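Coordinates in review
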Protein chains: 2
Amino acid sequence: MDNFTFYAPTYFAFGKDTENDTGKYVKQFGGSKVLIHFGGGSVIRSGLLDRVKKSLDEENIAYVDLGGVQPNPRSGLVYKGIDLCRSEKVDFILAVGGGSAIDSAKAIAAGVPYNGDFWDYYQGRSVKEALPIGTVLTIAAAGSEGSYNSVITHENGMLKRSTTGEVLRPKFSVLNPALTQTLPPYQTACGITDILAHLYERYLTNTKQVEVTDRLIEGLMLALVHEAPKVMANPNDYDARANIMWTGMLAHNNSCGVGRSQDWASHDIEHELSALYDCAHGAGLAVSMPAVFTYNMKHDVTRFAQAAHRVWGCHMDFADPENTALEGIQALRRFLKSIGMPLTFAELGAKEEDIPKLAKMACHGDVRTGTVGGFVKLNEQDVANIYRLML
Amino acid sequence: MDNFTFYAPTYFAFGKDTENDTGKYVKQFGGSKVLIHFGGGSVIRSGLLDRVKKSLDEENIAYVDLGGVQPNPRSGLVYKGIDLCRSEKVDFILAVGGGSAIDSAKAIAAGVPYNGDFWDYYQGRSVKEALPIGTVLTIAAAGSEGSYNSVITHENGMLKRSTTGEVLRPKFSVLNPALTQTLPPYQTACGITDILAHLYERYLTNTKQVEVTDRLIEGLMLALVHEAPKVMANPNDYDARANIMWTGMLAHNNSCGVGRSQDWASHDIEHELSALYDCAHGAGLAVSMPAVFTYNMKHDVTRFAQAAHRVWGCHMDFADPENTALEGIQALRRFLKSIGMPLTFAELGAKEEDIPKLAKMACHGDVRTGTVGGFVKLNEQDVANIYRLML
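Since this is a predicted model, take the numbers as computed values, not measurements. (Residues numbered from 1 in each chain as written. Chains lettered and ligands numbered in written order. Predicted model: local features only at pLDDT ≥ 70, side-chain atom pairs only at ≥ 80, totals over all residues.)

Here we come to the interface of chain B and chain A. Reports of interface size often rely on the accessible area that becomes lost once the parts have come together. Chain B puts 34 residues into the contact, and the matching count from chain A is 34 residues. Of all elements in the fold, only β1 (4–6), β2 (11–14), α7 (211–233) and α8 (238–250) of chain B reach the threshold of two or more residues within the side of chain B that touches chain A. Broken down by element, the residue count for the side of chain B that touches chain A peaks at 11 residues, all from α7 of chain B. Bridging between strand β2 (residues 11–14) of chain A and β1 of chain B involves 3 bridges; their strand directions are antiparallel. Residue pairing in the sheet places F12 of chain A in a bridge with F6 of chain B of β1 of chain B. (Contact = placed C-beta atoms within 7 Å. Helix = DSSP H or I, 4+ residues; strand = E, 2+ residues; numbered from the N terminus. Pairing = 2+ DSSP bridges.)

So, about the environment of V151 of chain A. Residue and element names in this part refer to chain A. Looking at the secondary structure, you find V151 in strand β7 (residues 149–154). Remark: the alpha-carbon pair of V151 and E129, spanning 22 residues in sequence, is separated by 17 Å. Discounting chain neighbours no more than four positions away, the residues touching V151 are D103, K160 and S162.

Let's shift gears to the sheet that holds strand β4 (residues 62–66) of chain B. What the 7 strands build is an open sheet, ordered β1(A)-β2(B)-β9(B)-β6(B)-β5(B)-β3(B)-β4(B); its pairing is mixed. Since the sheet does not close on itself, it has two edges, and those belong to β1 (4–6) of chain A together with β4 of chain B, each with one partner. Direction aside, the axes of adjacent strands within the sheet are offset by 15° on average. Where strand β3 (residues 33–38) of chain B meets strand β5 (residues 92–97) of chain B, 5 bridges bridge the pair, whose relative direction is parallel. When the bridges of β5 of chain B are listed, I36 of chain B appears paired with L94 of chain B. (Axes fitted to C-alpha atoms, helices over the stretch in contact; angles between N-to-C directions.)

Right, let's talk about the environment of D17 of chain B for a bit. Note on placement: D17 of chain B falls in the loop between β2 and α1 (22–28). Counting along the chain gives 36 residues from D17 of chain B to K53 of chain B, while the straight-line C-alpha distance between them is 14 Å.

Turning our attention to the pairing of strand β8 (residues 159–164) of chain A. Residues and elements named next belong to chain A. Direction of pairing for β7 relative to β8: antiparallel, over a ladder of 6 bridges. Across the sheet, residue I152 finds its bridge partner in β8, namely R161. Counted between consecutive antiparallel strands, the loop separating β7 from β8 contains 4 residues, among which G157 sits at a positive phi close to 95°.

Moving on, we come to the sheet that holds strand β6 (residues 133–137) of chain A. In spatial order, the strands read β4(A)-β3(A)-β5(A)-β6(A)-β9(A)-β2(A)-β1(B); together these 7 strands make up an open sheet with mixed pairing. Strands with a single pairing partner mark the edges of an open sheet, and in this sheet they are β4 (62–66) of chain A together with β1 of chain B. When the angles between neighbouring strand axes are averaged without regard to direction, this sheet yields 15°.

Let us look at the domain arrangement of chain A. All names here are of chain A. Split by domain assignment, chain A resolves into domain 1 (11–179) and domain 2 (182–389). For domain 1 and domain 2, the distance between their C-alpha centres works out to 26 Å. At the junction of the two partners, domain 1 supplies 22 residues and domain 2 supplies 30 residues. The leading source of residues in the side of domain 1 that touches domain 2 is β8, at 3 residues. Counted by class, the side of domain 1 that touches domain 2 contains 11 nonpolar, 8 polar and 3 charged residues. (Domains from an automatic or database assignment. Nonpolar A, V, L, I, M, F, W, Y, C, P; charged D, E, K, R; others polar.)

Here we take up the confidence of the model for chain A. On average, residues of chain A carry a pLDDT of 97, and 100% of them reach 70 or more. Model confidence for the complex: the whole-complex pTM is 0.97, and ipTM, which rates the interface, is 0.96. (pLDDT = per-residue confidence, 0-100.)

Printed below as a string of C-alpha cells:
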C-alpha cells in the first residue's frame, strides 16, 4: 500500500426532510450571506428551493440566487457567479442540485478570492483558497458532495477540464434520498453509471496488496448493482434510493481509493465525448468503460477476473482466467443495458469521423501530456483504437 | 435506512515514517503546548517517543510527558493528566500508543475545560467541549484514532464505562503500519479481534434495507480475515499490517454503521470481564462474541446466514438456513482460535461462580438500564445464560 493522507471533513445530514435544516448548517459553518446556485426549474417546481430559502430565513441568513447551471457546467456562468459574489459580498456558496450545480459552485468559490482567471485552476494550478461551500444534493451520481474535485467545460473551445483542492470539500452536504425520487429514469441510470465508474477508476490499480480498498470498492459495487434494478422498477423506493445515495458519496470521497494508484482513463476518454456532443456524462461512461476495459484487460487479467467473480458473480475459469475477465466485462454491459444506458457511439450521437480529433484532444488537448490513464498509459493511437471499440 | 448525521473530520497521515511529521500536524491544528500521553516503555525503547519529540522540537512546540497508561486505562491517571494540563497550561493532547493511551487522552482532553468530575462524562453526560487531540497509533485495534468514543475504568469499583462526543474525534492521526510490526503476536491478535467485533456490533442490526453498509462491513471483515493469517505468520508483513490498520480505523469511525441500529451486547458483556479480571479486551471479545451470537441467532437467522455465506464462505443451506448460521459462528470460532485467541471462560481466568455478579453488573451496574444490546434486548437472566455458554 502506498503512503497517503486522507481528510474528509464534510458534515453529512442524511435522510428525510433534512433540507429543512440547511439554514442551520450554513450558520454552523459561518455563512452570513449566501449565493444559492442551482440549475433548471426542477428545484423551483418541486418546492425545494422555497424550503431551502425558508430555512435560511429562519436563521436570518441573507442570500442571492443564481440559477441556470446546465449539465456539463460552463465557464460563462462561473464568471457571472464570481462577479455576483463579489458585488453582493457573498461569504458562502450553497449549491442546490446535482454534480453540475456543485462543480459550478466550487469553481465560483475558488474564483472569488483569486485575483486571476478562475480557469487557471482547471489548467493545472491547485486550489488553496475558496469560499466555504454547502450542498443540498438532488441526484446520486457525481459524488461532488463529498469530494475535492470539480469539472468545468470552458465555452472557448468546449474544453472539459477538472481541478482539485482540499478547500473544495463541502463544509456540509444535505442528502435526502426522497429528493431523487422524481428524477427521470434516464438521469437516475446516468447517475448509477457515474458512481460505478468512480469505483472502477479506483479499482484499476497497479498497486499490489490493497485488499481492504479492493473489498470496499467491490462492496460498494455489489450494493449498487443490487439496488439499481429496484429504483429502475420503482422510482419511489426510498431505501434503494438511500443506499445508492450513500454509495455515490463513498465512491468518490476517496475513502476507498487511498494508498493505491488509480486509472481515470474512462473518464478522460468520456470527457471528450460530453464536451463535443454534450451527451450526459453517465451515458458517455457507459460507452467508454467497456471499451477501455476490453482494451486494457490483458494488462492485468487477474484484476478483471477478480471483479468478474467477486462483483458480477461469474464462475472463475481457473484454466483460462481471461474467459472470466471477459465475462465480467460482458456482465457490466448487460447491467448498463438493463438500466437503459447506451453502449455504442451511435447511441450517443457520436461520429466515427470525429475519432482522430477526439483522440488528439484526449491526449494532446491543453494540460494533457500525451497519454491518459494511470492503469495503462494510453497514447493517441490507443485512445483512437478504444473509440473504435465503441462503434 | 434511518436518518443520520456523519462527521469525521480527522486528518489521517498514513504510511511509512509519517510519525516524523507529528509536530507539523500539531502546529497545523493549533497546538502550542502539548501533553504527550503514552503507556509503558515500548514507545521509549523503540525510539518512537524520541522521534515524536524531535518533530515537536523542529516546530518549536513545547511539551510535557505523562506515561504509564495501562491496558483498560484507569481514572487515576486521567485525574493526574487533567491536573498536569491545567498547571502546565497545555492546549493540545497527543496520544502515542494504542486505544488505551488514546482513550485516556480523550478523557483528559474532556476533563481539562470541565469544572466537574470528568467521570460525569462516563455516567451519561455527553462531551461538548474538549482540548484538541492528536494520535500516533501503535496498534491496530480499538479504532479510537478515528472515533468519537472513549472507554475508561474507574478504580473505585472497577467500573468500565464509555462516553461519546464529536469533540473527541482526533484532529489528526498518524498511522504508520511499520510501528505495529514489533507487537507481540497475542496483542496483534487481540487487536484483530477487537476490529472484527466493531464490525459485528454494527452488522447485527434490526434496520432493514441497508445493503450498502452491510456490504461495507462484509468487505472489511473479508479483508481482515484475509490479512490476519499473514501477520500472524510474518509479523513484518508491512502490507498486511497496512490493510489491517486502515480496516481498524474504518471499522470504528462509523462510516459503515450509519443509518442502522447497532448491537454492542458483545462489548458490554465483555467489559465486565476485563473490568473484573483485567484480561485483554480483545481476548474477552473472542470469548463473548460466539456466545452472544449463538444465544441471539434465532432472533434473525437470515442475518447470521448472510454473514456465514458472504464472509466465512459457508455454503448456503436453503432448506435449513439455521445450519448455515451456526456454521458461520463455528467458522468465527475457528478463525479466533487460529490466531491464538481464547474461546472459554477458563482461558480468560474467569470463574463460573462470578457469573451472577457479572450478569448483575452488566445489566444493573451504574448507568445500565436493565438490559444490554440493541439487536436483542438481553436481561440479567439472558446475560447469565450467555456467560454460561462461555464455560
